[in-house]
Amino acid sequence: MGILKRHPELMQLPNNESTLELLLEAAQEAWEALDIDLFKHLLETMPHRY
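Residues numbered from 1 in each chain as written. Predicted model: local features only at pLDDT ≥ 70, side-chain atom pairs only at ≥ 80, totals over all residues. Heavy atoms only, no water.

Participant: Looking at this structure, how should I read the overall build of the protein chain?
Facilitator: When its secondary structure is counted, the protein chain shows 3 helices and 0 strands. Expected size for 50 residues packed as a compact globule is a radius of gyration near 10 Å; at 15 Å, the protein chain overshoots this value by more than 25%. With the C-alpha coordinates aligned to their principal axes, the bounding extent of the protein chain is approximately 45 × 20 × 15 Å. Expressed as a percentage of its 50 residues, the buried residues of the protein chain come to 10%. Accessible surface, the protein chain: about 4,700 Å² in total, of which carbon and sulfur atoms supply 61%. (Helix = DSSP H or I, 4+ residues; strand = E, 2+ residues; numbered from the N terminus. Rg over C-alpha atoms; globule rule 2.2 N^0.38 Å. Buried < 20%, exposed > 50% of the residue type's maximum accessible area, 1.4 Å probe, protein only. Areas by Shrake-Rupley, 256 points an atom, 1.4 Å probe, with all protein chains shown as cover.)

This is the structure:
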């Protein structure tokens, strides 16, 4: 799930340092929520490059 789906309130906040901190925290949360199987699948379906 994307950052704005998890935290739609970010769209209404002012463009300042405080909001940036909240955005960075939300991005970290979204990154940690990604399933490792997603990355495994992406790796397995990449064409081999030589």
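Participant: What is the right way to read helix 2 (residues 17-33) from this model?
Facilitator: Spacing of three or four residues puts side chains on the same side of an α-helix, whose turn is 3.6 residues. Under the 1.5 Å per step criterion, the end-to-end length of helix 2 is 24 Å for 17 residues, consistent within 8% with the ideal 24 Å. Along helix 2, the residues that are buried comprise Thr 19, Ala 26 and Ala 30. Around the axis of helix 2, the buried residues are gathered within 40° of arc, so they sit on the same side. With respect to the buried face of helix 2, the exposed residues turned more than 90 degrees away are Glu 17, Glu 25, Trp 31 and Glu 32. Residues of helix 2 that are buried sit in contact with helix 1 (3-6). Where helix 2 begins, the capping side chain belongs to Asn 16, and its oxygen is found 3.1 Å from the backbone nitrogen of Ser 18. (Expected span 1.5 Å × (residues − 1). Arc of directions from axis to C-beta. Contact = heavy atoms within 4.5 Å. Polar contact = N/O pair within 3.5 Å; in protein donor to acceptor, adjacent residues only side chain to side chain.)

Participant: How should I be thinking about the packing of aromatic side chains in this particular structure?
Facilitator: Aromatic ring pairs are defined here through the distance separating the ring centres and the angle between the ring planes. Scanning the model with the defined rule gives 1 aromatic pair in all. Aromatic pair Trp 31 and Phe 39: ring centres 5.7 Å apart, planes at 55°, arrangement tilted. A relative accessible area of 55% places Trp 31 in the exposed class. (Phe/Tyr/Trp six-rings, centres within 6.5 Å; stacked < 30°, edge-to-face > 60°.)

The values are spatial; any link to function lies outside them.
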